Structure formats: C-alpha cells, structure tokens
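Report on the structure
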Amino acid sequence: MQKRTHKIYAPGEYNYSLSAGFTPFLVSYIHADPAPHPALLVTPGGGYCFVAPSEAEPVALEFYNSGYNAFVLTYTVNPLCLEPLLLQPLNDLSRAVRYIRKDAAEFHIDPEKLAVCGFSAGGHLSASLCVHWQDVEDPSPKYAGISNRPNAALLSYPVITSGEHAHRGSFDALLGREPDPGMLHYMSLETQVTDKAPPCFLWQTAEDDAVPVENSYLFAGACKAAGVPFAHHVFTSGQHGLALANDAWLRNDHGDTYTLAPITALRDKLKAGGIEAAPADALDGFFAPPGEPDPEYQKKLRRDCEIARVWPELAKAWLSAQLDI
C-alpha cells in the first residue's frame, strides 16, 4: 500500500481566519498495481468542530481492502464557534474531488467511479456536494473542466436538515448562531435535492440520540421525489458515531489520528495566547484519554455493533451496482 499526504491548495489559495496555519489535506491509500481502481473519498464527522479519527483511516482501509483506492479529507472545522465556516468545507471537498480526478492516472483510479463517504457532519458535507456541486466553481485554472460531481455517495448517520430535527451544533459551527435564513435553507439539504444529484446510500440507527433518524428519512424521501436512485437502511439500535462498529472501534483504536491536525494547530495558537476570545485550555478535551468504560454500557455497544457492522458490506454491494464495478 502506498500512503501519502497531499495538500489540496497551493500557497495563497486557502484562507480561513481561524485556521491557525492549518491547510486542508488528503491522505491517499493507493494499490501499487497500475490498473484503474474505483475511488472512495471519506469525509469524517465531528459536528463541523473536528474531523473524527474513528471515521477516517479505519474506513479508508476497509474499502482499500475491498479493491478501492481510498482517500480521507481533513477539512476546515470550527471548534471554538467563533467564525462561521459558511461554504469553506464545501469548497474543500469540491477541490478534493477535482484534485483526485485531475491526477487520476497517478492515483490509479477510474475518474468516473469516484464515490464520497460521509459520516454525521461529514455526511452533511458529502450530501452538500451531491446537491450543490453545480454551484461550486473553482478559481484555479488547473481545475477548469474537471467535474466535482461524485458518481455516488455513502451517507452514514448524516446531518441533513436545519429544521425541527436539526443537529444544532453542526449548524452553529457551519453558519453561526444567528445564521442568514437563506443560507440556513440552502444548507437544509432535504430542500435542495434535484435529479442532478448522484445515487445515495444512507444508513442510521433508529435510536440515534445525537442526529435524529428523521434526517435520513427526510433525505431519502427527497431522493425518491426527485428520481435519484437511493438505498436507505435503518438499524434498530445503536448510538451515534458507530463508524465501522468493529472490535477496534470498541477499543478506541482508530489508527493514524492525522485528522486532528486542525485542532492541534488551533490549540497551539491558543496556548501561545494568539486568540483572546477563548481560554488557552479550550481544546484540551479533544486530547484527553478515554475514561474507564462502564461494563453494562460496553455490553450494549457490543450488541449494537453486531447489528450495525453489516453496513459496509451492504454499501459495497450497492456501490458495485451503481459504479458498474
């Protein structure tokens, strides 16, 4: 396996006021053989406040081991909720798709078989590109004529709606606590689906107490109304953020934690006194070791994982049909 890091922006192209020196990047997991593979681009969740390691490298490796050349995007986030992200994460993902397609030969991928795979707020990000891809222009002439439309999307317990069933924290980080009503509607994705969206696979648990399951139902219903091919799986039980729901996840073993780079950069700036609006220890909780697990809670998690861990096989079978693999 060839694993590499790729900056997706050239110097001077990226500007988010609270990036603290961080620049969005891809990590690629590429098979050595030159035959073109299908591609999967992973956008982990984290409420638009961080990029969750549990939904990053483990997912990329799961699909790599099934023949995909895989990528993980570490995108712009807003953990302090001081400066709304607005369209920056969407611009990051759009650029990442174009970046991969531009260098399809180098990455040994078929540019017409590229799927995005988003979790929670990363699911909102992936779904945003699915419905708004035509709106996202790239200012760099290097990417002129290169499509940013995914060929398919896997949406895992996605944030979708800004309405009654919204995950408010995600929208606070994305749009601010007093968002523009037009932007709030634009980013309530069940209102934005047209027949130009790619096929979508959704899964969630009925008892998700962070992002209500109605989010998935709303998007699936919008896909049906617009004539977009979709699959929708709802599992009986399980908490939010199950990711692969495997033994490594239960052990908090999430592989390489490079997706914490935006938080690390911002924490270092806080400790250096570079941000007056937040205390120096505001982000320390992101790096605290997990506490001792409750045995009864662990039993429930194991039962839940037995149900939810089947989603990757369902998704791979569905993708094979959609991408003609």
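Structure report, in brief. (Residues numbered from 1 in each chain as written. Predicted model: local features only at pLDDT ≥ 70, side-chain atom pairs only at ≥ 80, totals over all residues. Heavy atoms only, no water.)

Moving on to the overall build of the chain. Within the chain one finds 11 helices and 8 strands. Here the chain has a C-alpha radius of gyration of 19 Å; the compact-globule value for 325 residues is 20 Å, and the two agree. Across its three principal directions, the C-alpha atoms of the chain cover 55 × 50 × 45 Å. Buried positions account for 56% of the 325 residues belonging to the chain. (Helix = DSSP H or I, 4+ residues; strand = E, 2+ residues; numbered from the N terminus. Rg over C-alpha atoms; globule rule 2.2 N^0.38 Å. Buried < 20%, exposed > 50% of the residue type's maximum accessible area, 1.4 Å probe, protein only.)

What follows deals with unusual backbone geometry. If you check the backbone angles, Ser120 has positive phi at about 55° while not being a glycine. Here Ser120 is to be found in the loop between β5 (109–119) and α4 (121–132). With a relative accessible area of 6%, Ser120 lands in the buried category. If you check the backbone angles, Tyr157 has positive phi at about 35° while not being a glycine.

Here strand β4 (residues 69–74) lies mainly inside the structure; 6 of its 6 residues are buried. A two-sided burial pattern is seen for β4, the buried positions comprising Asn69, Phe71 and Leu73 on one face and Ala70, Val72 and Thr74 on the other. With helix α1 (residues 57–64) bridging strand β3 (residues 37–43) and its parallel neighbour β4, the resulting β-α-β unit is right-handed. (Right-handed = clockwise from strand over helix to strand, strands pointing away.)

Along the chain, His6 falls in strand β1 (residues 2–7). Linking His6 and Ala96, residues 90 residues apart in sequence, is a C-alpha distance of 9.7 Å. Beyond its immediate chain neighbours, meaning those up to four positions away, His6 contacts Phe25, Leu26, Ser28, Tyr99 and Phe107. (Contact = heavy atoms within 4.5 Å.)

Applying the stated rule across the entire model yields 17 salt bridges. Each member of the salt-bridge network shares a partner with another, and the members are Asp247, Arg302, Glu306 and Arg309. (Salt bridge = Lys/Arg side-chain N within 4 Å of Asp/Glu carboxyl O.)

Okay, the packing of aromatic side chains next. How two aromatic rings sit relative to each other is given by the distance of their centres and the angle of their planes. The full count for this structure, using the stated rule, is 15 aromatic pairs. Plain terms: the ring middles of Tyr48 and Tyr75 are 6.5 Å apart, the flat faces sit at 75° to each other, and that makes the pair edge-to-face. Taken as a pair, Tyr48 in the loop between β3 and α1 and Tyr75 in the loop between β4 and α2 (88–102) lie far apart in primary sequence, 27 residues in all. Residue Tyr75 is classed as buried on the basis of its relative accessible area, which comes to 0%. Consider the rings of Trp203 and Trp311, whose centres lie 5.2 Å apart with planes at 20°: the pair is stacked. Taken as a pair, Trp203 in strand β7 (residues 200–205) and Trp311 in helix α11 (residues 311–323) lie far apart in primary sequence, 108 residues in all. Judged on exposure class, the residue Trp203 and its partner Trp311 are both buried. Through pairs of rings, three or more aromatic residues link up here, namely Phe63, Tyr68, Phe119, Tyr157, Trp203, Phe235 and Trp311. (Phe/Tyr/Trp six-rings, centres within 6.5 Å; stacked < 30°, edge-to-face > 60°.)

Before going further, it helps to examine the nonpolar core. Counting residues in each nonpolar core, the largest one holds 107 residues, and the members touching the most others are Leu41, Phe219, Trp311 and Leu319. If we ignore the near neighbours within four places in the chain, the residues touching Leu319 are Leu40, Phe63, Tyr68, Ala115, Ala152, Leu154, Asp324 and Ile325. (Core = buried A, V, L, I, M, F, W, Y, C linked by side-chain atoms within 4.5 Å.)

The next point concerns the packing of α2 against α4. When two helices pack together, their arrangement is given by the angle between their axes and by how far apart the axes lie. Between α2 and α4, the least distance of the axes is 9 Å, while the angle of their chain directions is 75°. With respect to their mutual orientation, α2 and α4 come out roughly perpendicular. When α2 is examined against α4, the residues Pro89, Leu90, Leu93, Ser94 and Val97 are found in contact with a partner set consisting of Leu125, Ser126, Ser128, Leu129 and His132. A breakdown of the residues in the contact of α2 with α4 according to their chemical character gives 6 nonpolar, 4 polar and no charged. (Axes fitted to C-alpha atoms, helices over the stretch in contact; angles between N-to-C directions. Parallel < 35°, antiparallel > 145°, perpendicular 65-115°, else oblique. Nonpolar A, V, L, I, M, F, W, Y, C, P; charged D, E, K, R; others polar.)

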